[in-house]
Amino acid sequence: MNVRSQISMVFHLDKCIGCHTCSVACKNIWTDRKGAEYMWWNNVETKPGTGYPTKWEDQDIYQGGWVKNGDTVSLKGAGKLKGLKNIFHNPNMPVLDDYYEPWAYRYQDLFDAPEGNDQPIGRAVSLITGEPMEIQAGPNWDDDLSGTPDYARQDVNFKHLSKAEQEAMFQLEKMTFHYLPRICNHCLNPACVGSCPSGALYKRGEDGVVLINQERCRAWRMCVTACPYKKSYYNWNTGKSEKCVLCYPRLESAQAPACMHSCVGRIRYLGVMLYDADQIQAVASCDESQIVDRHLGIYLDPHDPAVIKAAKINGIADSTIKAAQNSPVYKFVKEWKIALPLHPEFRTLPNLFYVPPLLPAMASVSEDGKYDTVSEHLLTGVEKLRVPIRYLSSLFTAGNDQKVVDVFKRLHAVRVSRRNTTVKDVSESQLNSVMNDAGIDVHMANAIFRLTSLATFEERFVIPAAHREEAIEMLENTGDYKGSTGFGFKEKPARGL
Amino acid sequence: MKLKLIGVSVSMALSSLSATAQDGAAVFKQTCSACHSIGKGKLVGPDLKGVNTKRSEEWIINFVKNAQAFGEKDADAKAMITEYGYPMPNQNVSDADIKAIISYIAENSPAEAVATEAAPATTASAPAAQDPALDPANASDEDILAGMNIFSGKQRLENGGVSCISCHNVNHNDLVAGGLLAKDLTKVYERMGAAGVNGILSAPPFPAMASSYKDNPLTEKEIYQLSAFFNKAASADVYSHQRAYNSNLLIYGGGGAFVVIASIIMLMFIERKRKCVKEDIYKRQIKSACSK
C-alpha cells in the first residue's frame, strides 16, 4: 500500500443554478491576461449541449485520454511512434475556433464619438487580432439549450441514446437539462502529464494538484490534445500551456479555490482523499464495466489504522490525515456513494465527482387546474424521471445505468425522508420501502441533507495545512538563511545594513 | 635574358624528346595496340601502317588528343569517325610521345604497303583466330559462366581490379543492371570483335579504365573468360528480357521515390482533425454585411 493524499472535489449538480459566477471568479483571478482570454479554466456547460470547447467529449475528434492496452494503458493520441509521426505538428489539437474567438467592445467610442445623426456603438474587437470582428461563437453559447439544433442536439453523449430517446429530450413538458460546471479534475492518472515531451507537467506530491512548470514548457501542446476534458490550454502570447492550478496559493493559506469560494449555489465541496498509488495502473487499465467501482475503490478509509500507519510512513502529515477523516468528499463518494466521476471511460481517474441531478421534481396538474404537490405524486420513483438514465450513465458511469439508478434511489430517499420530517405526509410503509430500496437509514439521510443544504464553509471545505515549511526543507537548508533575512529596506539606512 | 630562357626551354624540349623517342615501341604497345595494328589489318580501329605518310603529324596529334572535337573541324577526321561509328577515345599522351609513336610506325611500315595503300580489310577475328582453342566463340559453358561472374563481381579479379559491372552494363537475364558510367557492353563483341575486346582488356586505351587497371591488370585467363561471356551475351541478347528501367531509371526511380515520400507525408495527415468542429454551426449563421 502506497498511500498518498489528494485534494478532491464534489460538485452537487442538483444545486447548480448555472450562474457562471465560478467562471467569472476564476477568469478575474487567473485568465484575464493577453493570450489567456479564450481560456476558461472553470466553465459551466448546459447538458445536453456540446460544451466548451465544442464537442470536447468526442475523443474520435480530439484523441484525448487513455486507451486500454493489455494490462496497461496508452495515450490515445500521443506516444513515441505517434509523436514521431506527428513531430512537426499536433494534428488533433483544438483550434481557436473550436473554443471561440475572444472579444471586447470599444466602449470608449460610446463616449468619444462626435455628435452625429447616428447612435454611437461600441464595436466588438477581437482580442486576438485587435480588429473589429463578427462574433460567431462564445464559450457558453449552448447555455440553457439555446441554439438547440446546433448545440444540444449535437451532444456527444447522444450516441448512446436511440433517436426516440433523443427526441423525447426536446419535447415540451418532457424537456430536461442541467448544468455541468467543469474544472481540471487533477486526475490520479493524468493524460496531460503522461503526454508532455518536456516533462513540464507534474502532479504535486503533497496534494496531487497537477501543474505546468512554465519554465520547462516548450509549447509542444501535447497536453492540450491528451487531456480528454480539454482543460489544458495554450497561451499564444507566452508560448506556454496553462491549466487550472486549483488556486493552490489559496489552498496553501487554507482558503477555498476562487470558483468554490464564490459559488452561489454552494454546490462545491473540497477535501482530502487518501488513495493507494500502487493500484493506479491496474485500475486505469481495468475493464470498462468495472472502472467506476475500481476507481472509487482506490480511495482508502482514512479511519482504518492500517491506512493511517501507511500514510505516516509515506510522510503524510497528521493534519492531512485528520482532514481526510473529515473530508466531505469522502462522505459523498465513499460513505454515501452518491457522487460519480465524469467520463470515467477516459481512464484518467478524475478527482472531481458529481452528484448527478435528480431532475426535475415532477408536479402534475390536478383536475381543478392546480399543481398537485402531494408527496406521492411529487416524489415519484426514479423510473419516472424525465432525464433518460442512459444519458446520465454515459456522462458519469461509462454506460452503467444501474450505478446512476442506485445514486438516484438514495437522493430520492433523502427527499422522501425530509418530506416525512417536515410535511409529514408520507406513509410509514412508503418511507420504509424507499429507504430500504436505497439502502440508507434516516441517520444517513439526515447527514446527506445536512451536508447538502446546511453545510457551513468549514464543512464544505476541509483544507489541510499545506506544510510548505516541510516542502522548503526538502529543497533548502533553512539554517543557511537564519540571520540573513528579516526586515527589508527600500533605501539603505545611513549606517548601512 | 630572353635568349637564355628560350635556350633552356629548347634544350628541355629536346632532352624530353630524346628521352621518350626511344620508347615509341613501348608507348605504342601500351596505348595503341589494343585497337590498332601495323600492317596486320583492321582491328577496332584502322590499320596504322603508313599513317605517317597519309596524314600530317599535326593532324595525327589533333586526332589522338581529341578526335571528337577535331572531327567537327576536319572533314577527313569526321569521315573517319563516321566510318567506325564512334570517335577514338581521347588519349592522354604528350606530343613527344605521339611523335615517337609516329616514328615507330614509320620504321615498321613496309614501303611497298605504303605504295599500294589500302590493304584489304581483314576480318576482325583474324589475329585471334590463329588458335581455335583460344577463340572465345568456342569457349566452354564454364568459361562463359566464369566470365559472367567476373563481370558481375561475384568473382574477384585476380589482381584486385574493380569489377566491370561498376561502370558497364550488359543486358542478361542472370545479371542485375550494371553501371551507366561507361558504354553498354551488351553488343561489344559484335562491335569490336574478339581482337578488339582482347586488346582493350589487356591494355585499356580509355583514360578512366586505364588508370583503374594500371596497377591491377586483368590476367589472360580472365580476359578470355570475359570475351567468352561478351560473345555469348551479344548473341543471347535477343532472347534476354530488356531492362527498360535502365534507360528510364530516372522516371521509374524518381516516380517510386515520389510515391514513397508522398505516402510518408500522407501518413502525417491521415486521421488528422481537418476542420473546426463549429464549421456546421458557422455555416448556418446569418452573416452581416460588414464581414465576409
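The structure this text deals with has already been given above.
Bear in mind that the values here come from a model prediction, so they are computed numbers and not experimental data.

Conventions used here
Residues numbered from 1 in each chain as written. Chains lettered and ligands numbered in written order. Predicted model: local features only at pLDDT ≥ 70, side-chain atom pairs only at ≥ 80, totals over all residues. Heavy atoms only, no water. Contact = heavy atoms within 4.5 Å. Buried area = accessible area lost by both parts, 1.4 Å probe. Salt bridge = Lys/Arg side-chain N within 4 Å of Asp/Glu carboxyl O. Helix = DSSP H or I, 4+ residues; strand = E, 2+ residues; numbered from the N terminus. Nonpolar A, V, L, I, M, F, W, Y, C, P; charged D, E, K, R; others polar. Buried < 20%, exposed > 50% of the residue type's maximum accessible area, 1.4 Å probe, protein only. Core = buried A, V, L, I, M, F, W, Y, C linked by side-chain atoms within 4.5 Å. Disulfide = S-S within 2.5 Å. Phe/Tyr/Trp six-rings, centres within 6.5 Å; stacked < 30°, edge-to-face > 60°. Pairing = 2+ DSSP bridges. Expected span 1.5 Å × (residues − 1). Bend = angle between axes of the 7 residues up to and from the residue.

So, about the interface of chain B and chain A. Tallying the contact residues gives 17 residues for chain B and 24 residues for chain A. Regarding the contact of chain B and chain A, the summed buried area is about 1,800 Å², with carbon and sulfur atoms giving 50% of it. Among the residues chain B hides against chain A, the three largest losses belong to K273(B), V277(B) and K278(B). Together they make up 33% of the total. Linking chain B with chain A are one salt bridge, by the criterion used here. Between R284(B) and D150(A) there is a salt bridge, with the nearest N and O atoms lying 2.7 Å from each other. Elements represented by at least two residues in the side of chain B that touches chain A include exactly α13 (249-269) and α14 (279-284) of chain B. By residue number, the principal contributor to the side of chain B that touches chain A is α14(B), which donates three residues. Looking at the side of chain B that touches chain A residue by residue, the class counts come to eight nonpolar, three polar and six charged.

We now examine the side chain of H168(B). Residues and elements named next belong to chain B. When you line up the elements, H168 lands in the loop between α9 (141-152) and α10 (188-202). In this structure H168 comes out as buried when scored by relative accessible area, which is 13%. With residues up to four places along the chain from it excluded, the contact list for H168 reads F151, G178, G179, A182, K183, L185 and M209.

Glancing now at the nonpolar core. Membership of the largest hydrophobic core comes to 133 residues, with the highest contact counts inside it found for V10(A), I183(A), L246(A), M260(A), F332(A), F396(A) and F408(A). In terms of residues, this core owes the most to one element, helix α18 (residues 401-422) of chain A, which gives eight residues. The residues contacting F332(A), other than those within four sequence positions of it, are V10(A), H12(A), Y269(A), K337(A), I338(A), A339(A), V355(A), L451(A) and T452(A). Within the second largest apolar cluster, 28 residues are counted, among which are A34(B), M148(B), L157(B) and L201(B).

This paragraph deals with the state of the cysteines. Enumeration over the complete set of coordinates arrives at zero disulfides over all chains. Left without a disulfide partner, C196(A) is nearest to the cysteine sulfur of C223(A), which lies 6.4 Å away.

Looking now at the packing of aromatic side chains. Residue and element names in this part refer to chain A. According to the stated counting rule, one finds 25 aromatic pairs over all chains in the structure shown. With centroids separated by 6.1 Å and ring planes inclined at 75°, the aromatic side chains of Y38 and Y233 adopt a geometry described as edge-to-face. Taken together, the positions of Y38 in the loop between α1 (21-31) and β2 (43-47) and Y233 in strand β10 (residues 232-235) put the pair 195 residues apart, joining distant regions of the chain. With respect to class, Y38 is no different from Y233; both count as buried.

So, on to the pairing of strand β1 (residues 3-12) of chain A. Residues and elements named next belong to chain A. Here β1 lies mainly inside the structure; nine of its ten residues are buried. As paired strands, β1 and strand β12 (residues 268-276) are joined by nine bridges and run antiparallel to one another. In the sheet register, R4 faces β12, and the bridge partner there is Y275. As judged from the four bridges shared by β1 and strand β15 (residues 352-355), these two strands associate in the parallel manner. Paired with H12 across the strands is V355, a residue of β15.

Residues and elements named next belong to chain A. Spatial ordering of the open sheet is given by β13-β12-β1-β15-β14, a layout of five strands whose pairing is mixed. In this open sheet, the two strands that pair with only one neighbour each are β13 (299-300) and β14 (340-341). Note that β14 and β15 share two bridges and pair antiparallel. Residue pairing across strands places P341 opposite F353, the latter belonging to β15.

Our next topic: the pattern of salt bridges. Residues and elements named next belong to chain A. Scanning all chains against the criterion turns up 20 salt bridges over all chains. R182 is paired through a salt bridge with E45; the nearest N and O atoms lie 2.8 Å apart. Of this pair, R182 sits in strand β7 (residues 178-182) while E45 sits in strand β2, and the two are 137 residues apart along the sequence. Exposure class is identical for R182 and E45. Each is buried.

As a further point, take α10(B). A turn of α-helix holds 3.6 residues, and therefore any two residues three or four places apart point the same way. Residues and elements named next belong to chain B. Look at α10: only 15 Å from first C-alpha to last across 15 residues, short of the 21 Å you get at 1.5 Å a residue. The largest bend in α10 is about 80°, located at A194. For α10, the buried fraction is high: eleven of the 15 residues fall into the buried class. For α10, the set of buried residues is V188, Y189, M192, G193, A194, A195, G196, V197, G199, I200 and L201. Buried residues along α10 sit against α11 (207-213) and α12 (220-236).

In short, geometric facts, not functional conclusions.
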